[in-house]
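Single-letter residue listing:
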Amino acid sequence: MRTSLFLPLSLALVVAAVPAEPRPDPGSAPDGAGPVLVNQIGYATGADKIATVVATATKPLGWQLRDDKGRTVASGSTRVVGADKASGDHVHQADFSRAAGEGVRRLTVAGVGTSVPFTVSRKPLYPDLGREAMRYFYFHRMGTPVEAEHLQYAAHAHAALHPGDNSVPCYKNWCDKSDKSDKSDKSDGKKGKRSGGGKAQRLNVAGSWADAGDFGVYPVNHAIAAWTLLNLYERERTAYGDGSLAVPERANGVPDILDEVAYGSRFMSGMLPKTGLASHKVHNHTWSAFPVKDIAAENAMPRSAMPPSTNATYAVARTNAQLARVLRPFDAKRADSLWLSAQDAWRRAEAQPDVDYPEANDGTDAEGGGDYADTQNSDDRYAAAAELYLTAGERADRAATSYRGAVTGSAHYGEIGPVDWSQVAAAGTLSLLAVPSGLPAADLARMRANLRAAADVLVDTQRREGYPALISGADAYPWGSNSAVVNRMLLLGTAYDIGHDRRHLKAMHRAMDYLLGTNAMRISYVTGYGRHRETDLHDRLAWGQYPKTPYPEGWLSGGPNSTLINDPVTPTGRPAAKSYAGPGTAPSAWGSKENTINWNAPLVWAVTYLNSTAPDLTSR
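Since we're looking at a predicted model, the values are computed, not measured.

Draft legend 1. Region of interest: the pattern of salt bridges. Under the definition given, this model contains 20 salt bridges. Here Arg131 ties to Asp128 by a salt bridge, and the two come within 2.8 Å at their closest N and O atoms. Relative accessible area serves as the criterion here: at 35%, Arg131 is assigned to the partly exposed category. A relative accessible area of 32% means that Asp128 is categorised as partly exposed. For the salt bridge of Asp336 with Arg395, the shortest nitrogen-to-oxygen distance reads 2.6 Å. Pair noted here: Asp336 is in helix H8 (residues 332-351) and Arg395 is in the loop between helix H9 (378-394) and helix H10 (400-408), with a separation of 59 residues, a long-range link. Given the relative accessible area of 18%, Arg395 is considered buried. Salt bridges sharing common partners tie together Arg141, Glu249 and Glu260.

Draft legend 2. Molecular detail of the pairing of strand S5 (residues 72-77). For strand S4 (residues 62-67) and S5, the ladder comprises 5 bridges, and the chain directions are antiparallel. Across the sheet, Arg66 pairs through a bridge with Thr72, a residue of S5.

Draft legend 3. Representation of the packing of aromatic side chains in the model. Applying the stated rule across the entire model yields 20 aromatic pairs. A ring pair is formed by Tyr136 and Trp555, whose centres lie 5.0 Å apart and whose planes are at 80°; its orientation type is edge-to-face. Taken together, the residues Tyr136 in helix H1 (residues 129-139) and Trp555 in the loop between helix H15 (540-543) and helix H16 (597-612) connect sequence positions 419 residues apart. The class of Trp555 is buried, set by a relative accessible area of 1%. Ring plane angle 85° and centroid distance 5.8 Å describe the contact between Trp346 and Tyr403, whose orientation is recorded as edge-to-face.

Draft legend 4. The arrangement of the packing of helix H4 (residues 256-264) against helix H7 (residues 310-327) in detail. Interhelical geometry of H4 versus H7 gives an angle of 145° and a closest axis separation of 11 Å. Our pair here, H4 against H7, has a crossing hand that is left-handed. Together, Leu258, Val261 and Ala262 of H4 and Leu323, Val326 and Leu327 of H7 make up the contact between the two elements. Taken together, the residues that form the contact of H4 with H7 break down as 6 nonpolar, no polar and no charged.

Draft legend 5. Region of interest: the confidence of the model for the protein chain. Here the protein chain averages 92 in pLDDT, and 91% of its residues register 70 or above. Predicted confidence for residues 1-30 stays below pLDDT 50, and this span has 110 contacts to residues more than four positions away or in other chains. Here residues 183-196 is modelled with pLDDT under 50, and outside its nearest four sequence neighbours on either side it reaches 14 contacts, counting other chains as well.

Draft legend 6. Quick peek at the sheet that holds strand S7 (residues 90-95). One open sheet accounts for 4 strands, arranged S1-S3-S7-S6; its pairing is antiparallel. Only two strands of the sheet have a single partner each, and these edge strands are strand S1 (36-37) and strand S6 (79-83). In this structure, strand S3 (residues 50-54) lies alongside S7, joined through 5 bridges in antiparallel fashion. Each residue of the ladder has a partner; that of Ile50, found in S7, is Asp95.

Draft legend 7. Representation of the side chain of Gln93 within the structure. Within the secondary structure layout, Gln93 lies in strand S7. Among the polar contacts made by the side chain of Gln93, one reaches the main-chain carbonyl oxygen of Glu465 at a distance of 3.3 Å. In terms of polar contacts, Gln93 uses its side chain to reach the backbone carbonyl oxygen of Gly466, at 3.2 Å. Those residues in contact with Gln93 that sit more than four places away from it in its chain are Ile50, Ala51, Thr78, Arg79, Val81, Glu465, Gly466 and Arg510.

Draft legend 8. Representation of H8 within the structure. Helix length check: H8 (20 residues) gives 29 Å between terminal C-alpha atoms against 28 Å at 1.5 Å per residue, within 8%. Elements in contact with the buried residues of H8: helix H5 (267-270), H7, H9 and H10.

Draft legend 9. Quick look at the nonpolar core. In terms of nonpolar packing, the biggest core is built from 168 residues, with Phe137, Leu229, Trp346, Leu432, Met489, Met508 and Met512 touching the most fellow members. Listed in part, the 18 residues of the second largest apolar core include Val36, Ala51, Phe96 and Leu107.

Draft legend 10. View of the state of the cysteines. Per the counting criterion, the structure on display carries 1 disulfide. Linked covalently through their sulfurs, Cys170 and Cys175 form a disulfide whose S-S length is 1.8 Å. Of note, the bridge from Cys170 to Cys175 carries an S-S torsion of about -70° and is left-handed in sense. Residue Cys175 is classed as buried on the basis of its relative accessible area, which comes to 0%.

Draft legend 11. Seen up close, the side chain of Arg325. Relative to the helices and strands, Arg325 resides in helix H7. Residue classification places Arg325 among the buried residues on the basis of a relative accessible area of 5%. Here the side chain of Arg325 touches Glu234 through a polar contact of 2.9 Å, side chain to side chain. Residue contacts for Arg325: discarding those within four places in its chain leaves Glu234, Glu387, Leu390, Thr391, Glu394 and Val435.

Draft legend 12. Inspection of unusual backbone geometry at higher detail. Note the cis peptide between Phe290 and Pro291, where omega equals 0°. When you line up the elements, Pro291 lands in the loop between strand S15 (282-284) and helix H6 (295-299). Look at Tyr240: it is not a glycine, yet its phi comes out positive at around 55°. Turning to its location among the elements, Tyr240 is positioned in the loop between helix H3 (219-235) and H4. For Tyr240, a relative accessible area of 10% puts it in the buried group.

Draft legend 13. Geometry of the packing of H3 against H4. Direction vectors running N to C along H3 and H4 enclose 165°, while the axes themselves pass 10 Å from each other. Classified by the angle their axes make, H3 and H4 are roughly antiparallel. Note on packing geometry: the crossing formed by H3 with H4 is left-handed. From H3, His222, Ala226, Leu229, Leu230, Leu232 and Tyr233 reach across to H4, where they touch Ile257, Leu258, Val261 and Gly264. Grouping the amino acids of the contact of H3 with H4 by side-chain chemistry returns 8 nonpolar, 2 polar and no charged.

How each quantity is defined
Residues numbered from 1 in each chain as written. Predicted model: local features only at pLDDT ≥ 70, side-chain atom pairs only at ≥ 80, totals over all residues. Heavy atoms only, no water. Salt bridge = Lys/Arg side-chain N within 4 Å of Asp/Glu carboxyl O. Buried < 20%, exposed > 50% of the residue type's maximum accessible area, 1.4 Å probe, protein only. Helix = DSSP H or I, 4+ residues; strand = E, 2+ residues; numbered from the N terminus. Pairing = 2+ DSSP bridges. Phe/Tyr/Trp six-rings, centres within 6.5 Å; stacked < 30°, edge-to-face > 60°. Axes fitted to C-alpha atoms, helices over the stretch in contact; angles between N-to-C directions. Left-handed = near helix turned anticlockwise from the far one by under 90°. Contact = heavy atoms within 4.5 Å. Nonpolar A, V, L, I, M, F, W, Y, C, P; charged D, E, K, R; others polar. pLDDT = per-residue confidence, 0-100. Polar contact = N/O pair within 3.5 Å; in protein donor to acceptor, adjacent residues only side chain to side chain. Expected span 1.5 Å × (residues − 1). Core = buried A, V, L, I, M, F, W, Y, C linked by side-chain atoms within 4.5 Å. Disulfide = S-S within 2.5 Å. Parallel < 35°, antiparallel > 145°, perpendicular 65-115°, else oblique.

Written as structure tokens, this is what we have:
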């Protein structure tokens with residue numbers, strides 16, 4: 001990923017369903033649906049069932065809902081919404097929420113057209129999507145062969161990517177310069193030599209996930225992806241248990257979701273040099289070929305650990321602390337090691353709290369990866385302190401008192417807002433609400449109130465839109481706008497867990513409608529889902545086999561981006577919700593059609609939650 005910008009949340013407070021029809025061949029093109037737009041998979045019987053209709057009419061239009069035998073089961077008139085600012089479309093909405101019954105349905109609007117078929121069901125609508133979305137992470141493992149038996153399509157199997165990550169140099173020897181300047185560095189007892197015999201330091205960052213469109217590893221981005229999956233586990237311990245996923249570690253006594261995160265996070269401790277801050281990122285010196293068909297050639301590319309940052313160091317601390325907490329019942333030895341590393345990273349970051357990664361072409365780093373530049377460190381510190389405090393408390397570690405002080409003394413204490421790699425305060429607060437702690441009951445109550453208020457804002461935002469996005473049409477759409485949607489679904493789901501306000505759960509379902517077809521591009525943004533859906537994404541490995549081998553199912557496209565368009569095919573000068581590249585353009589469409597670990601992680605969270613709460617939105 002080259003960059004990521006998120007919109008503010010505008011808060012005053014900081015079992016299988018019967019499908020409508022067999023899924024089409026995965027290689028079919030995303031040609032776009034007609035003007036009657038629905039969730040192409042379907043609706044829960046008790047959800048808000050609202051189609052968006054693109055029509056120039058200024059008066060309501062009649063609609064009919066028909067079953068698979070062509071019988072009318074409900075009818076009504078549309079509500080004229082008018083001009084939708086996000087898309088530039090003139091739209092109506094057809095609300096058939098009160099229509100009774102289950103089964104295959106189509107919606108016809110007079111003078112406009114008929115929707116694709118979809119299902120209305122009391123059962124979970126996406127019984128397989130969570131597992132498919134989780135397979136994204138195995139597909140993108142680095143440092144180990146990716147084997148056919150664990151993939152959806154055998155053609156995507158390949159030799160290990162970057163096995164040399166067990167020993168990468170520090171770009172322009174910055175590790176050694178840092179070592180010399182660190183007053184706490186200890187010699188090995190031999191005059192004039194640093195520990196290591198005077199050789200230039202190399203870092204062991206083996207065991208990772210390819211971050212996105214490139215093969216870099218980035219602590220700050222990895223941390224939010226790992227946190228999202230671990231938060232799902234800490235809230236729903238039965239999610240993706242041992243043997244549930246197609247991973248090599250299945251049947252080892254550890255929940256498969258933890259196996260996957262534990263593998264992908266191995267590199268984090270290795271980002272710490274002998275002294276000082278963690279490397280901000282590891283990637284090639286130049287951009288990889290697109291597509292990558294020759295793994296050996298890719299592995300031969302020069303690759304280094306780039307200079308350090310405080311944010312990356314706090315990211316190591318919080319990821320390792322959270323992993324130490326969840327792995328301890330299954331692997332106490334590794335948990336102990338992760339705990340030591342987390343505390344070490346915390347101390348290093350506390351010693352150098354304001355080292356930001358430079359976003360400049362000044363020779364500081366090589367150009368073969370994204371920057372993930374972030375000049376605010378206080379939210380990273382708060383999120384790390386929260387994880388360290390919770391883990392220390394569970395371990396009865398005396399350090400819990402000082403971590404607690406860092407949590408409660410932070411200006412971010414209890415904050416709820418956007419969840420993104422660069423804005424992580426809410427992740428800290430949501431962990432405090434997911435794991436028992438000794439925090440005052442009044443403080444926890446305030447956090448819950450903040451979360452409910454944030455969810456209310458999201459409900460209101462969505463209701464104002466012609467398409468059910470959780471992003472205001474008055475704002476630009478950021479890079480990875482679909483991740484903004486699924487991350488806000490996470491907030492809605494957690495709020496529903498706390499307050500059981502059905503508006504919050506219904507808004508989650510409507511946001512899923514947006515992702516699966518009720519959007520200005522008239523497609524499903526999830527590979528493999530919907531008659532009209534995205535089929536090609538900006539992915540160097542998958543594209544190498546496409547179109548003969550389709551993209552695996554369950555990958556989320558980044559979505560429309562009108563904030564920063566620096567590729568040659570994402571269109572400019574269009575409304576925000578239509579700033580999205582067309583079919584077959586993925587190699588040059590990193591601005592809108594990229595896929596990433598931190599976009600698929602919240603997709604896993606959201607669909608897993610929707611499936612588990614399906615009984616809450618059923619009605620006869």
